[in-house]
Amino acid sequence: MTDKRVDPATGSAVTYTELVATYKKQYKRREIEDYWETCKPAKSKKSKAAAPAKESKPSKAAKPEPKAKAKAKAKAAAKDGKKEEKPKPKAKAAPKPETKTDDKVLSGKDGGASALAKLRTFSNCVLAEYVWLDADGVTRSKTMTMTARPLKVTDLKVWNYDGSSTGQADGHNSEVLLKPRAIFNDPFRGYPHVMVLADAWNAWDDQPAKNNTRAKCAETMDMYRSLDPWFGIEQEYTLMKPGKVGVKPSVPLGFNVDGSEPAPQGPYYTGAGYNVAIGRPVADEHYKLCVEAGVKISGINAEVMPGQWEFQIGPCRGIEMGDHLTMARYIMLRVTEKHECVCSFDPKPAEGDWNGAGCHTNFSVTPMRVAGGYETIIKVCEAFGKVAKEHIAEYGEGNDKRLTGKHETCDINTFKYGVANRGASIRIPRDAEKSGRGYMEDRRPAANCDPYRVTQIIMKTTGECLSAETIEAGGKTHTAFVFIKPHANNEKVQALVKEKLTSEGLTVKAEGQIKSNVIDKKKLIDTHYGAIAAKAVLMKPKDLVVQEKAQEEFEKMFGVKWSKVMEDGLVFNAMDGAKKLGISPDELGKKYDALKKGETIIKFGGGFYCGKVDDIYVINGFYMNMRSKFTAPGTSIYYYEVEWPAEKMSWADFRGKLLGPTDPASAPEGSLRQQIYSKWSELGLKAQPDTGDNGVHASASPFEALAERSNWLRASISKDPFGKALLASGIPLPLLTKEWFSDPSVDFEGGKKSLFDLLEDLDAAACLKKCKEIAVANKSK
């Protein structure tokens, strides 16, 4: 696999080999292969031809030989059996980040006003036409001068405009931002100039401006990108005779000068000839300019009504469908400026026995395109029927005049689908039925529809339909990771733990021993206690988030406000605390282990403790000797991967009743930690368990269990039922592995909170739901 694709996690174009090298320590090869299939192909960049090398001037000592002599020498060499040596080609120089596309025009990042001010002339600059949608969904544009031709959207600046003149802001607060999203060649001005598709954002709160439907569409496409949606839209339009300025035209270009109607529809569709293919110069010029611009236009044809045409955009993947159709519409408006006609996207431009104008949307996702995909097409069609009214509301204004049940349409209040049926709401191509896979065509969107709204709701309904079963399955089973800690790991404890797990109805899927040298080499304990270790060593107290409730508990316990001890500089992480006290980390660890819960140590959250050592407050002081307990020569852990039906036991009961709380002395009778605590001597332990060495560990939530199994057992996220449900919920794999599995602080319900804390003790179904809510809340973070 030598082709390059874009890694969604980094935005970089990589080969499959490079992707494997990046993720091989985190995932199995099969997972990486699955992830590779979700990556979009990288846009190829044409390499510039190397400039011809300058010919060196011949020296006086080496005068050029006459042709006759040269030929004679060549023959002599042949007689001697020697081949004439050809000059070796010079190696091409490696491309530089910023290049010149010709002798004068630069490419790369725009230098801005400060760079323009230093130029003697702007003759070698680049013009960038920014195009966006106003409050009514109509394209607007303005142009800026740039110092270089952009190669990617990050080379462009965020611009602004007067939103009060486009219906998107008030006059007293009118600045609206234009954020670049896609770059096209400018077919009107020619090379090196560009057109930029942008979307509008409020300058005052950085939220999507009025009618910025692209933002919501982008979120949905990102959520379901693993389905790899493909779209193709058939944009119908009608060329109209211009009327008064500012007044909507009412007479199609193909209608007679005297106002009478032309001959009935029939010969105009895909027709040719004078008074038949009316408006061809406009359609052809538009087609040509779209190709030059880089718009994914795949065809055109004359439509059923005279003066009515269609162009097709696609196949496009995800969000680019809306981008390319929006730019194609803009180019059409520009073309009609010089042809003395008006382009109308009205769904019913002429009353009477004439076809309306639609925007038929062809659509598929990966499960439709593979063997057996026909069943998926039918399943999605059924899902569309359940939300038919919601879809119609997104499919354009005035659509009721078009969707009458006549003129190749289905009535707006009726939903039906069928094979090769152009009178249905959804048409399934005959080839899709025959081959058992393919795509579907939604014939309901009107010509004036917003492509972002259309593709967004199509993807939303499809995504929810196809992910529902996966998410439901992921919420029915609980899978946890349990291990006996090194201080308690022996055969007697192993037998006790397994008997307790199985007697409570849990199934042991896997079990085994992991030795200290493996734990040390693979840094398993460091990953396991990643957030704890970070709080103990890397993070400073000012960087930690202590919830209001936890601060209240701190004040009750220690008689002083948290804000006061922070202000007085009395709070330290474990590493700094040891230095402050003038003791070694191991000595601090021993002091910390002697602290008593509820008196001198408080739990702020999962893996987040604060203890009073002498006269200072230390965060996670126990970690300094914790690692050595797992990595000391001769030690090991013994693990169990267990599962059970979620309906049989809640996660809260699994931890609270079966496992027991962190302090084994307060654990309920019969719990694992209570039994190990009370029988420690007969079980062969060297000392009675305490809060730190409490015998056994178990995952705090289904999500934490997946993170732990991924770390310790290298479990496949894409094959695990709960993992598949997370992915189906729209949570990207890189987000899980690179961020969420490390227990980050996330924005939720008005504040920063530990992800693991938010999910603690939730059952699988509730955990999945909350994960999705958290992902949505942090989408723009």
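Please read these numbers as outputs of a predicted model, since none were measured by experiment.

## Let's talk about the sheet that holds strand β4 (residues 126-133)
Piece 1. With mixed pairing, the 5 strands of this open sheet are ordered in space as β5-β4-β8-β7-β6. Two strands lie at the open edges of the sheet, namely β5 (139-146) and β6 (159-162), each paired on one side alone. Direction aside, the axes of adjacent strands within the sheet are offset by 40° on average.
Piece 2. Alignment of β6 against strand β7 (residues 175-185), held across 4 bridges, turns out to be antiparallel. Paired with Asp162 across the two strands is Glu175, which belongs to β7.

## Structural notes on the packing of aromatic side chains
Piece 1. Overall, the coordinates contain 27 aromatic pairs when judged by the stated rule.
Piece 2. Measuring from ring centre to ring centre gives 5.7 Å for Tyr237 and Phe311, while their planes differ by 45°; the resulting arrangement is tilted. With Tyr237 in strand β9 (residues 230-240) and Phe311 in strand β11 (residues 308-317), this residue pair connects regions lying 74 residues apart in the sequence.
Piece 3. Aromatic side chains Phe483 and Phe630 sit 6.1 Å apart centroid to centroid with 85° between the ring planes, which places their arrangement in the edge-to-face category. Residue Phe483 is located in strand β17 (residues 477-484), and its partner Phe630 is located in helix α21 (residues 623-631); the two are separated by 147 residues in the primary sequence. Side by side, Phe483 and Phe630 carry an identical accessibility label, which is buried.
Piece 4. Three or more aromatic residues joined by ring pairs make a cluster, and in this case those are Phe481, Phe483, Tyr529, Phe630, Tyr639 and Trp712.
Piece 5. Positioned above the aromatic ring of Phe345, the side-chain terminus of Arg329 is 5.2 Å from the ring centre.

## Digging into the pairing of strand β13 (residues 359-364)
Piece 1. By the criterion of burial, β13 is predominantly enclosed, with 6 of the 6 residues buried.
Piece 2. Both β9 and β13 contribute to a ladder of 6 bridges, which runs antiparallel. Bridge assignment links Gln235 to a residue of β13, and that residue is Cys359.
Piece 3. Relative to strand β16 (residues 440-442), β13 is paired through 3 bridges, and the arrangement is antiparallel. Within β16, the residue paired with Thr361 across the bridge is Asp442.

## Some thoughts on the nonpolar core
Piece 1. By size, the foremost hydrophobic cluster in this structure holds 66 residues, and its most contacted members are Tyr237, Val295, Ile313, Met327, Ile331 and Met440.
Piece 2. With 8 residues, helix α7 (residues 320-336) is the largest single contributor of residues to this core.
Piece 3. Apart from residues lying up to four places away in sequence, Ile313 is in contact with Phe231, Gly232, Ile233, Val295, Lys296, Ile297, Ser298, Met321, His324, Leu325 and Ala328.
Piece 4. Ile717, Ala725, Val746 and Phe748 belong to the second-largest nonpolar core, a separate cluster that totals 34 residues.

How each quantity is defined
Residues numbered from 1 in each chain as written. Predicted model: local features only at pLDDT ≥ 70, side-chain atom pairs only at ≥ 80, totals over all residues. Heavy atoms only, no water. Pairing = 2+ DSSP bridges. Helix = DSSP H or I, 4+ residues; strand = E, 2+ residues; numbered from the N terminus. Axes fitted to C-alpha atoms, helices over the stretch in contact; angles between N-to-C directions. Phe/Tyr/Trp six-rings, centres within 6.5 Å; stacked < 30°, edge-to-face > 60°. Buried < 20%, exposed > 50% of the residue type's maximum accessible area, 1.4 Å probe, protein only. Lys NZ or Arg CZ within 6 Å of the ring centre and 35° of its normal. Core = buried A, V, L, I, M, F, W, Y, C linked by side-chain atoms within 4.5 Å. Contact = heavy atoms within 4.5 Å.

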